[in-house]
Amino acid sequence: MINSKKRNINIILPIFLSFIGFFLLCLYIKNASSDIIYSDYIRLTNSYLDNVYDINKLFTLDLLTRSPICYLFRIINVILFSYSVNFDRVVLVFFLSLFYFIIAKYILREKNNIIKYFILLATFLIIFSLCQWEMILNGSGYAHYIAYFLFILYFYYANKYCNNINLIKSTDETISISFILSFVILPIFNIIFVAGPYSATFVVVAIILNIYIYLVSNKNIIHKKKLLISQISIIIPFILYLISNHFAIYEHSGMKNITLFELFKTNPTYIFTFLIKSVASSAIGIETFNSYFGEIKNNNFILYLIGILIAIFFIISFIILLKKLFNKNNNFKEKNHITKNIFPICLIIMGFGNFLIVFLGRFPFLNDTYGMQSRYYLQYMIGIIGLLLFFYENKKTLFFVILSVIILIPNVITTSDEIKKAKFREISYENIANNAKNIENLQDEDLPIIFEYNHDPKLIRDAFNIIKEKKYNIYKNIN
């Protein structure tokens, strides 16, 4: 009876909390935005909306860089909602809620204790944080959130795999349906159809994970066959993505033509300041920081302090992990503990890798606060969640408490600050909508600023001509 009640709680509570998070963010969208295309939607409109069903736009050499699943969602959006930005925003929040559901399911697998409910609340505040307001309100990055939901789903199933079998003594040669779904179809689908541009760190972590499982199984031949299939299901799709990426043409306004080596010679501290500020932004939003502490350039100390402290916890987690792995005095029970709790370790490594990926992709902008933008929060928070889970599971209570304070207080302040700004953001979107209805009378030089798209003003006019002709978005109810 008790076990049945516990199972019910472990199902109902994650669903309930995921729904609450979904509802609150939808409420935020309603109060902080307006349904109008702008920014990246200008490019998307010009690229696809003149004929959303055109199959030739799907089968291009750079197909895998465009998250092909977006073609399906775009068609649904056009058919049902005449191309609503709100549709994309809700899809994004829905998959963020599924992301939390997986995290909550993992946390509640632990034995009954009060701390796990605190972690449940802490991860709720982190995952549904308005540190990511830019992504939530823009909406066009929903594929990013689908991808990250599928990433952690993969790691969740990998953790279950390690817990449900005896890695060393297993003689079961059967490749089950659940194995095929979790370790073959899931990564292939995600990398090919969803996560292409976001999959580099996942691929690295998944490859390391598979190698580790094989090694701790004492090179059990049964696992060798299974994990080889799993590795192929990760590597081949990623190679296909890299080939596709070779043919892609990217637009980057403001990027300088400079190599990392040249940057290091001219400004050796830039790498440090960029990375530390990026790490700090996993706790506090850049606009909130400016509101509370003044311009960053005049108050670097506080930002560096937050960033350095969080970075130290990443280092501590790696030291603990390496000691457990390579300390010859550790018994089988210690190493088995790592294997049975592999999920947070995957999140930590992936989050850490994401800081590096953002830096490598954005350092040519020569702005050390570029990595603090709200759009990168999802990539960073996965590592923070991993740290909290890791310290909890390894009974490092002091580290767990200090990190919780460092992360949660600035995070809650940022969310509170963004809630206060919601009405002003709504006014800003309404101004964009009003200007869109009067775009014929606007000057070309004003268009990039108004519509947040720093490219040829003609592209902006072309986009609105398309949606006006098709009666999409703001023109859907105009005869």
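Everything in this summary refers to the structure shown in the same document. (Residues numbered from 1 in each chain as written. Predicted model: local features only at pLDDT ≥ 70, side-chain atom pairs only at ≥ 80, totals over all residues. Heavy atoms only, no water.)

1. With respect to the overall build of the protein chain
Right, on to step 1. Counting its regular elements, the protein chain contains 20 helices and zero strands.
Right, on to step 2. If you line up the protein chain on its principal axes, its C-alpha atoms span 75 × 55 × 50 Å.
Right, on to step 3. Out of the 479 residues belonging to the protein chain, those deemed buried represent 52%.
Right, on to step 4. Considering only intrachain contacts with a sequence separation of at least 6, the fraction spanning at least 24 residues in the protein chain is 81%.
Right, on to step 5. When the accessible area of the protein chain is evaluated, it comes to approximately 22800 Å², of which 65% is carbon and sulfur surface.
Right, on to step 6. For the protein chain, the centre of its 44 positive side-chain charges and the centre of its 29 negative side-chain charges are spaced 16 Å apart. (Helix = DSSP H or I, 4+ residues; strand = E, 2+ residues; numbered from the N terminus. Buried < 20%, exposed > 50% of the residue type's maximum accessible area, 1.4 Å probe, protein only. Contact = heavy atoms within 4.5 Å. Areas by Shrake-Rupley, 256 points an atom, 1.4 Å probe, with all protein chains shown as cover. Lys, Arg positive; Asp, Glu negative; His and termini not counted. Charge placed at Lys NZ, Arg CZ, Asp CG, Glu CD.)

2. Considerations on the nonpolar core
Right, on to step 1. Of all hydrophobic cores here, the largest spans 158 residues; its most connected members are Phe155, Phe451 and Phe464.
Right, on to step 2. Here the element with the most residues in this core is helix H7 (residues 142-164); it accounts for 17 residues.
Right, on to step 3. In contact with Phe155, not counting residues within four places along its chain, are Phe202, Val205, Leu209, Phe343, Cys346, Leu347 and Met350. (Core = buried A, V, L, I, M, F, W, Y, C linked by side-chain atoms within 4.5 Å.)

3. Here's the deal with unusual backbone geometry
Right, on to step 1. The phi torsion at Ser67 lies on the positive side, around 50°, for a residue other than glycine.
Right, on to step 2. Its location among the elements puts Ser67 in the loop between helix H2 (40-49) and helix H3 (69-81).
Right, on to step 3. Accessibility expressed as a relative area gives 4% for Ser67, which makes it buried.
Right, on to step 4. The phi torsion at Leu366 lies on the positive side, around 55°, for a residue other than glycine.
Right, on to step 5. Structurally, the position occupied by Leu366 is in the loop between helix H16 (342-362) and helix H17 (377-393).

4. Regarding the layout of surface pockets
Taking a probe equal in size to a water molecule and rolling it over the atoms shows the remaining empty space.
Right, on to step 1. Here the second largest pocket is characterised by a volume of approximately 680 Å³.
Right, on to step 2. In terms of lining, the second largest pocket is formed by 24 residues, of which the most central are Arg109, Glu110, Lys111, Asn341 and Glu393.
Right, on to step 3. For the lining of the second largest pocket, the elements supplying multiple residues, two or more each, are helix H4 (85-107), H7, helix H15 (332-340), H17 and helix H18 (397-437).
Right, on to step 4. The element contributing the most residues to the lining of the second largest pocket is H7, with five residues.
Right, on to step 5. Here the residues of the lining of the second largest pocket are counted per class, giving seven nonpolar, eight polar and nine charged. (1 Å grid on protein atoms, 1.4 Å probe; cavity = no way out; pocket = protein on both sides within 12 Å on 5 of 7 lines; lining within 4 Å. Points joined across faces, edges and corners; volume = space filled by probe spheres on them. Nonpolar A, V, L, I, M, F, W, Y, C, P; charged D, E, K, R; others polar.)

5. A short note on the side chain of Lys421
Right, on to step 1. Structurally, Lys421 is set in helix H18.
Right, on to step 2. According to the relative accessible area criterion, Lys421 is buried, its value standing at 16%.

6. Side note on the pattern of salt bridges
Right, on to step 1. Summed over all chains, the structure comprises 13 salt bridges.
Right, on to step 2. Measuring nitrogen to oxygen at the nearest pair gives 2.8 Å for the salt bridge that ties Glu287 to Arg425. Of this pair, Glu287 sits in helix H13 (residues 286-293) while Arg425 is found in helix H18, placing the two residues 138 residues apart along the sequence.
Right, on to step 3. According to the relative accessible area criterion, Glu287 is partly exposed, its value standing at 29%. (Salt bridge = Lys/Arg side-chain N within 4 Å of Asp/Glu carboxyl O.)

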